Structure formats: structure tokens, C-alpha cells
Amino acid sequence: MRRNIVAGNWKMNNDLSQTEALITELKKQNQTSNCEIMIAPTHTNLWHAFEALRLSDIEVIAQNMHYEDNGAFTGEISAPMLNSVGVTTVILGHSERRAYFKETDAVLAKKVDAALRHNMRVIFCFGEELDDRKAGRQESVVKDQISNGLFHLTEQAWNNIVLAYEPVWAIGTGETASPEQAQEMHQFIRQVLTEQYGNRVGDATSILYGGSVKPSNAAELFAKNDVDGGLIGGASLKAEDFFAIVNAF
Ligand code: PEP
């Protein structure tokens, strides 16, 4: 059974005191919900967040990691380091990592392998740019990103993979894919997975939508058959908005 997930990607926002304040608010708003809830603070605040949320059902996850376990990689952080502060889920392949830090499909495949080797769960992001959509090649772009990053995995490995379709033109722009556009792409992605790995993986893999999800549009996006939740940027920085999205399930 695939799971519904709402994950907040805080990006490079919130210092320690802001993190403490937002977590206090999140704890106040948190009630029984119909989905898994995750937040991804910046690396320096992971330990604090993990400790502060230890007894809650909000999981603390990481925004990125390196594929090596340790070594001369200045400024990087590894899977064992994340594990050591209680983090067992990582976002990989976010479009900002792909665009600004030149992360290629090949590098991402290595990161996925490293995360799985350390028993972590991966939220693997991908999505087309505006030019791709205008040219009608969004499906081939998405298929390439998924197959280059993930199709070397065994069927078993997919138990720990969550997909996040994030059209680049919708991230942080206020422009959201319509529920129909999201459903069309998610259905396509599920079909691609089923063709490659069979029905079990196709049916069981959660596919999140990301790109300007907010309280006003979450319910209609999540109502679509193949949309299993959201990766939320801007709206995850306000506890009230984030929980309005969580409660859309
Ligand atoms: C994101 O960065 O993953 C994202 C979806 O951002 P936003 O919700 O702000 O568009």
C-alpha cells in the first residue's frame, strides 16, 4: 500500500531560534492526520529538530547528502552523519540542486545508492523546465530523469523510494500545475514504473507533487488518484499553512 506524505522543504531558511519557534508552532498545530508528516530543516538544525520532535509523529529529514561516507569533500555531509543525528530520510535531486549545484543524473544515482546502503529512505525529485513543457517533451524529460537516476535499482530497493514530481516552472513561482496536469504526469510516471518493475512497484510507490502547493489548492491536488501527497517549499515555513495542507488529506 502506498502512503500519503506531506513533506516540508525548508531550504536555506530558519536559523536555530527560528527553527525552535517554528517547531513549537508545529507541535501546537499537530493533530491526528491521514498522512506521514516530514520537515527538512537545514543541516545545522537537524539534531535540534530531531530532539525536539522525538516524541511526535513529525519526521525530521535532510535536504541533501553526499554519496561518500567521509573524506576530503569540504562542506558536504554524509549518510552516516545524518544517521548519527537520527535522520533516516533524505531528499535527493531537488531542482535547485540540479540547477545551481550541477548535480547530474549520474551523481544522483550514486547518492541514491549511498542512501539505500545506509538503510535510508529517499525522496527523489525530478521535473521538467518550462521550455520542455512548451515543447511538449515533459514526459520524455521526466522518464529520462527517473530512469537515469533510479532504474539501476532492484525491485526490492523501491520499498525505500518515494518520488516527487516537481515541474521547475511551478517551484517558488506561485504557479501550480493544475490538478489535471499533475494527475496526467503522475499517471504517466506510475505507468513507466509498472513497465519497468511490474505492478507491485507501480502501485506501491508514493508519488508526491511539488510546486507552489498551498492551503487553497492542496485538497484538489491530493484528491487526484495518483497524487499521494506533496513536497512543500514556501508554505511549509508557516505552521498554520503547513497543517492546512496536511489536513487537506
Ligand atoms: C520545493 O522547493 O520543493 C517546492 C515545491 O517549493 P514551493 O512549494 O515553494 O514551490
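Each chain has its residues counted from 1, following the order in which its sequence is written. Residues qualify for local features only when their pLDDT is at least 70, as the model is predicted, and side-chain atom pairs are given and counted only at 80 or more; totals for whole chains, interfaces and linings, by contrast, use all residues. Values reported for side chains reflect all heavy atoms of the structure, with hydrogen atoms and water molecules removed beforehand.

Draft legend 1. Spatial organisation of the pairing of strand β1 (residues 5-9). Accessibility here uses a 1.4 Å probe with only protein chains present; expressed as a share of the type maximum, an area under 20% marks a residue as buried, one over 50% as exposed, and anything in between as partly exposed. Counting from the N terminus, the helices are the DSSP runs of H or I reaching at least four residues and the strands are the DSSP runs of E reaching at least two. Counting buried positions along β1 yields five of five residues, so the element is predominantly enclosed. What you see with β1 is no split at all: Ile5, Ala7 and Asn9 on one side and Val6 and Gly8 on the other are buried throughout. Between any two strands, at least two bridges found by DSSP are needed for them to pair. Examined bridge by bridge, β1 and strand β2 (residues 36-40) share five bridges and lie parallel to one another. What sits directly across from Asn9, in β2, is Ala40. Sheet topology places β1 next to strand β8 (residues 229-232); four bridges connect them, and they run parallel. Residue pairing across strands places Val6 opposite Gly230, the latter belonging to β8.

Draft legend 2. Representation of the sheet that holds strand β4 (residues 89-92). Strand order in the open sheet made by the eight strands is β3-β2-β1-β8-β7-β6-β5-β4, with parallel pairing throughout. Two strands in the sheet have a free side with no partner beyond their single neighbour: β3 (58-60) and β4. Between one strand axis and the next, the sheet turns through 25 degrees on average, direction left out of account. Axis definition: a line fitted to C-alpha atoms, over the contacting stretch in the case of helices. Angles run 0 to 180 degrees between N-to-C directions.

Draft legend 3. Representation of the side chain of Asp226 in the model. The topology assignment puts Asp226 in the loop between α10 (215-222) and β8. On the accessibility criterion, Asp226 (9% relative accessible area) is buried. For Asp226, the residues in contact, after removing those within four places along its chain, are Arg2, Gln183, His186, Gln187, Arg190 and Ile207. Two residues qualify as a contact provided that any one of their heavy atoms is within 4.5 Å of a heavy atom in the partner residue.

Draft legend 4. Molecular detail of the side chain of Gln63. By the element assignment, Gln63 lies in the loop between β3 and α3 (79-84). Counted as a polar contact is a pair of N or O atoms within 3.5 Å, where, for protein atoms, one must be capable of donating a hydrogen and the other of accepting one, and residues adjacent in sequence contribute only when both atoms are in side chains. Of the polar contacts made by the side chain of Gln63, one reaches the backbone oxygen of Ala40; its length is 2.9 Å. Excluding residues within four positions of it along the chain, Gln63 makes contact with Asn9, Trp10, Lys11, Met12, Ala40, Pro41, Thr42, His43 and Ile91.

Draft legend 5. Broad picture of the site of the ligand. The full set close to the ligand counts 14 residues, and Lys11, His94, Glu166, Gly172 and Ser212 are the nearest of them. Note that an oxygen atom of the ligand is positioned 2.7 Å from one of the side-chain N or O atoms of Glu166. One of the backbone nitrogen or oxygen atoms of Gly234 is found 2.8 Å away from an oxygen atom of the ligand. In the complex, the protein chains occlude 96% of the 300 Å² of accessible area that the ligand would expose alone. Nonpolar residues are Ala, Val, Leu, Ile, Met, Phe, Trp, Tyr, Cys and Pro. Charged residues are Asp, Glu, Lys and Arg, and all others, Gly as well, are polar. For the shell around the ligand, the class distribution of residues is four nonpolar, eight polar and two charged. In this text, near means that some heavy atom of the residue lies within 4 Å of the molecule or strand in question. Where accessible areas are quoted, they stem from the Shrake-Rupley method and a 1.4 Å probe; at the residue level, only the protein chains shown are allowed to cover.

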